[in-house]
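Observations on the model geometry
So the chains spell out like this:
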Amino acid sequence: MTRHRLLLLSVGSQVGQGVLRTLSDRRANLELVATSSTSHEPSVFDFDAAYLTPRSAADPEGFERKLIDIMERERIDLVMPCRDDDVVLVSSLAERRSDLAPRLLCGSAASAEVIADKWSSFEFSTKHGLPFAASMIRCAARERKAFVRKYGLPLVAKPRRGFASLDVYMLYKAEQVETMLARDGYIVQQFLGDPTRITDYLAAIDESGVPLNHSFQGVKHSIQALIAPDGSVVHVICTRNYRNLRRSKYVEPDTDPTSAAVGAACARAFSSAGWRGPLNIQCEKTAAGEMLIHEFNGRFTSATVDRWLLGFDEVGAAIEHFTGRAVATTLPPANAALEAFQSLVARAADPDDVAALQRDGVWRRPR
């Protein structure tokens, strides 16, 4: 059997490590190559070969040159971006290099920008009738006041191009809305979930102080679609995710027909807009029970491994549809409900491997 030659970008992320886990039992027919912007990340050396590259956001031209060189040098069948910045860069490359495009797991550059920018996501959703959380960016004072009157407090401020809940703020005063909208690159969205969780938390602070660990995340409706190269929708996978501790999260199949309908509608809209490959749709219900989208991702996610443990082989499906060749499927026994624990395990890369990667820019597993 011909081996699939796969290139995973930015494998130090949870996404890259999760994708590798779903492929770990079928390595016999796979050649797995990785890129990383750091040489000391232990997971880099779990691959068959690894290349040191610039960060795509910091040096897009240098990253692109390196990516093209690796694709040719390693005879790569499929490139899988594992970070949002990589998705945008790879989509741009696919548009400019039709000879490379069939080997890149992405869609058009325009649709990638819609996915990457939350304000563009809101505008796209409004145009296509998709239920996206009400949003605003810097605007006139009367528009800001009208938004606050309509949706109330708390509101959520987040970077338009952010990820992993970094630099996200809960706004519970009108003055905070003004402050956040004055910052470059920020968007304010209506709060999804039960707002009393915020007010109760603030009341508890007044009484007892600030707890060291806290989270406002409720039940997330995570929808993962796959759009084939011909634009057809391969699958729509719906789960409910709840993180109740720092080390664990509860994941189960989401049988709510609303979730499936939202996922199918999003997949059709993005397919028409030129997107191809994975499409992640993050949703949450309002206190009134309305399911709304709050962001899109154009890649696999950190929950890809959780969905695999539930019996969904989204990575294998992508490989088959984008290379035209199936990869062996070795799914674990499906669990109707899964509680996934993320243990912190001490790991360190072999200093000799790190030195080789730093010195040569490439490392290969000894045969």
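Description of the structure in this document. Because the structure is predicted, anything quoted here is derived from the model rather than measured.

Parameters and conventions
Residues numbered from 1 in each chain as written. Predicted model: local features only at pLDDT ≥ 70, side-chain atom pairs only at ≥ 80, totals over all residues. Heavy atoms only, no water. Buried < 20%, exposed > 50% of the residue type's maximum accessible area, 1.4 Å probe, protein only. Helix = DSSP H or I, 4+ residues; strand = E, 2+ residues; numbered from the N terminus. Pairing = 2+ DSSP bridges. Arc of directions from axis to C-beta. Contact = heavy atoms within 4.5 Å. Phe/Tyr/Trp six-rings, centres within 6.5 Å; stacked < 30°, edge-to-face > 60°. Lys NZ or Arg CZ within 6 Å of the ring centre and 35° of its normal.

Now for the pairing of strand S4 (residues 78-81). Residues in a regular strand point their side chains to alternate faces of the sheet. Residues Leu78 and Met80 of S4 are buried on one face, and the alternating residues Val79 and Pro81, pointing to the opposite face, are buried as well. For strand S1 (residues 4-9) and S4, the ladder comprises four bridges, and the chain directions are parallel. Bridge pairing in S4 places Leu9 opposite Pro81.

A word on the sheet that holds strand S5 (residues 135-136). Pairing is antiparallel across the open sheet formed by four strands, whose spatial order is S5-S8-S6-S7. Because the sheet does not close on itself, it has two edges, and the strands there are S5 and strand S7 (169-171). Examined bridge by bridge, S5 and strand S8 (residues 186-190) share two bridges and lie antiparallel to one another. Each bridged residue has a counterpart across the sheet, and for Ser135 the counterpart in S8 is Gln189.

Within an α-helix, residues lying three or four positions from one another point in the same direction, as the helix has 3.6 residues per turn. Within the sequence span of helix H7 (residues 174-181), burial applies to Val177, Met180 and Leu181. Projected onto a plane normal to the axis of H7, the buried residues spread over an arc of 95 degrees and lie on a single side. Of the surrounding secondary structure, the elements contacted by the buried residues of H7 are S5, helix H6 (141-151), strand S6 (155-159), S7 and S8.

Attention now goes to the packing of aromatic side chains. If you walk through the whole model with that rule in mind, you get seven aromatic pairs. For the ring pair Phe132 and Phe296, a centre distance of 5.9 Å and an interplane angle of 40 degrees mean the geometry is tilted. Of this pair, Phe132 sits in the loop between helix H5 (118-128) and S5 while Phe296 sits in strand S13 (residues 291-297), placing them 164 residues apart in sequence. A relative accessible area of 9% means that Phe132 is categorised as buried. Taken together, the ring pairs connect Trp119, Phe122, Phe124, Phe132, Phe270 and Phe296 into an aromatic cluster. If you follow Arg183 out to its NZ or CZ, it ends over the ring of Tyr169, 5.5 Å from the centre. The ring centre of Tyr186 lies 6.0 Å from the NZ or CZ of Arg183, which sits over that ring.

Nothing here speaks to function; it is all geometry.
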